[in-house]
Each structure stands twice: as C-alpha cells, then as structure tokens.
Amino acid sequence: MEYLEFVKSFKKIRKILILGSGAVGKTSLTKVLKSELPLKDMNGDCDYNRTLFVEIDQFKTKDKKGTFQVIDLAGQLGLPIHATRDTPKLAFSAVDLICFVFSKDNAQSLIDLNQWVNITNNYYQKTNSKVPPFILIKNKMDLENNIDDSLVELMMSSIKGYFEISCYDGKGVEELKKWFSEFFIECNNGYREK
Ligand SMILES: Nc1nc2c(ncn2[C@@H]2O[C@H](COP(=O)(O)OP(=O)(O)O)[C@@H](O)[C@H]2O)c(=O)[nH]1
Ligand SMILES: [Mg+2]
C-alpha cells in the first residue's frame, strides 16, 4: 500500500474535492453535511460569501468514526489565481472522491462542468495518476427548474453516483450523507473503483 494511502486509512481520513461554478452551493454543502442542519435552520447562514481561493473544512461519517476533509475551491475559473492552475497538487493530489456540483436554477452551471471535468482529467493524465471516482450533485432542488435533464444523462456514464439535493431545505442530504459513509468504508476496504 502506498504510504499516503496507509496514513489516510490509519487516521480514518478521506479527501473530497468539490468543484463547480460560483454560487451553486459548494460551500453550503459542506456546512450542511457538517452541522446536519439545512440552511433554513441555520441562523443567518444563507448569506453568500464568495470563496476567494480555497476553503478547507471537514465533516464526519454517520457513525462519527471517519473524517472527510473537504477541499472547496473558488467557482470562478477566470480569477487571476486559481488553485487548479497555481496549486494543482493542493487541489488534486490524494483525492478520494470528486463531487461536481451544479444548481437547478442555473443551466449554465451544468454546462460549465465540462470545463471542470476537462481540467480534472488533464491533471491526472499529466501526472500519470489514477483519476478518482466522480459523483454529480444537483443542488437547489427547492428552486424552479431551468435544466434540460438530457444533459445530466450524458454525464451519467462516467459517474459513480448522482444526487438531487437542497442544502436550503435539506431534501436528499440524508441520502447523500449515507452514501458518503458507505463510500468511506469502501475506500478502507480497498474497493476503490477507477
Ligand atoms: N434556494 C437555495 N439556495 C441555496 C441552496 N444552497 C445554497 N444556496 C444559496 O446559494 C448561495 C451560494 O451558496 P454557496 O454555498 O456560497 O455557493 P458556492 O459559491 O458554490 O460555494 C448562498 O446564498 C446560499 O445560501 C439551496 O439548496 N437552495
Ligand atoms: Mg464557495
């Protein structure tokens, strides 16, 4: 077993990278998974604070024994400095799972995922390392639908899981959290798929 892999399973830590456009709810997702409360029940926590570069946070598995370290990047790829270009190792190395997030009220955020997927694949290709599994998350299910779901179906072939959630009212979050907990066990058993 690779040394880093050994440390992670020994320390019961797994690393998740969250990618997607600005304001789709990436930072909210970690907040909700961590606090186990939907945004609507967190006092004043619906305010939008743009992630400037990277936020590193964590949440626990359902049994509280495992920790997911979350790397939450700025959604604006056009910034002069972006973690995927300027500190790619910080963003991509030793990642166990990548969550691509888009939001139901923003069709462009789903289209933008193509770019995020390309950047991701390029990094692993260039460094000759294994691409971690992907999941796709559609957030803001409490809002009006603007999305043609055929685009989602196109992405389905390359992903390990697809979830529809609302960080605002908590819909689907419990199911996602359960999936993460099962994924954690799977990682430790060495059953990681491509
Ligand atoms: N209606 C609704 N708003 C949400 C939801 N999740 C996040 N938001 C709001 O969307 C805005 C952007 O969220 P944030 O997590 O900062 O997005 P990020 O830029 O992707 O990290 C904030 O004002 C959140 O309160 C959701 O499920 N429904
Ligand atoms: Mg953010």
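Look a little higher up for the structure.
It should be emphasised that the depicted structure is a prediction, and the values quoted were computed from it without experimental measurement. (Residues numbered from 1 in each chain as written. Chains lettered and ligands numbered in written order. Predicted model: local features only at pLDDT ≥ 70, side-chain atom pairs only at ≥ 80, totals over all residues.)

Q: Where do I start with the environment of Pro-132 in this structure?
A: Examined against the element boundaries, Pro-132 turns out to sit in the loop between helix H6 (113-126) and strand S5 (134-139). Classification of Pro-132 by C-beta neighbours within 10 Å gives buried; the count is 20. In sequence terms Pro-132 and Ile-98 are 34 residues apart; their C-alpha atoms lie 6.7 Å from each other. When residues no more than four places from it in sequence are discounted, the contact partners of Pro-132 are Val-95, Asp-96, Leu-97 and Ile-98. (Helix = DSSP H or I, 4+ residues; strand = E, 2+ residues; numbered from the N terminus. Buried ≥ 20, exposed ≤ 12 C-beta atoms within 10 Å, placed from the backbone. Contact = placed C-beta atoms within 7 Å.)

Q: Honestly, the site of ligand 1 in this entry has me stumped. Any pointers?
A: The full set close to ligand 1 counts 19 residues, and Gly-25, Lys-26, Thr-27, Ser-28 and Tyr-168 are the nearest of them. Here the shell around ligand 1 gets 3 residues from one element, more than from any other, and that element is helix H2 (residues 26-35). The residue makeup of the shell around ligand 1, split by class, is 8 nonpolar, 8 polar and 3 charged. (Near = placed C-beta within 6 Å. Nonpolar A, V, L, I, M, F, W, Y, C, P; charged D, E, K, R; others polar.)

Q: Teacher, can you tell me more about the sheet that holds strand S2 (residues 54-60) here?
A: In a beta sheet, neighbouring strands pair by backbone hydrogen bonds and run either parallel or antiparallel. An order of S2-S3-S1-S4-S5-S6 is seen for the 6 strands of this open sheet, with the pairing classed as mixed. Looking at strand neighbours, the two that pair on one side only are S2 and strand S6 (161-164), the edges of this open sheet. Averaged over all pairs of adjacent strands, the angle between strand axes in this sheet comes to 25°, irrespective of strand direction. Across 4 bridges, the pairing between strand S1 (residues 13-19) and strand S4 (residues 97-103) is parallel. Within S4, the residue paired with Leu-17 across the bridge is Ile-98. Contacting S1, S2, strand S3 (67-73), S4 and S5, H2 crosses the sheet at an angle of about 25° to S2. (Pairing = 2+ DSSP bridges. Axes fitted to C-alpha atoms, helices over the stretch in contact; angles between N-to-C directions.)

Q: Is there a simple way to think about the environment of Thr-127 in this case?
A: Inspection of the secondary structure assignment puts Thr-127 in the loop between H6 and S5. For Thr-127, a count of 12 C-beta atoms within 10 Å translates into the label exposed.

Q: Can you walk me through the nonpolar core in this structure?
A: Core analysis: the biggest nonpolar cluster contains 38 residues, and Leu-17, Ile-18, Ile-98, Cys-99, Phe-100 and Val-101 have the highest contact counts within it. Elements with a minimum of two residues in this core: S1, H2, S3, helix H4 (88-92), S4, H6, S5 and helix H8 (173-188). Counting residues per element, this core draws most heavily on S4, at 6 residues. Apart from residues lying up to four places away in sequence, Ile-18 is in contact with Lys-26, Leu-29, Val-70, Ile-71, Asp-72, Cys-99 and Val-101. (Core = buried A, V, L, I, M, F, W, Y, C linked by C-beta atoms within 7 Å.)

Q: Honestly, the environment of Phe-183 in this entry has me stumped. Any pointers?
A: Structurally, Phe-183 can be placed in helix H8. The buried category is assigned to Phe-183, around which 23 C-beta atoms lie within 10 Å. Distance in space between the C-alpha atoms of Phe-183 and Arg-14 is 9.7 Å, their sequence separation being 169 residues.

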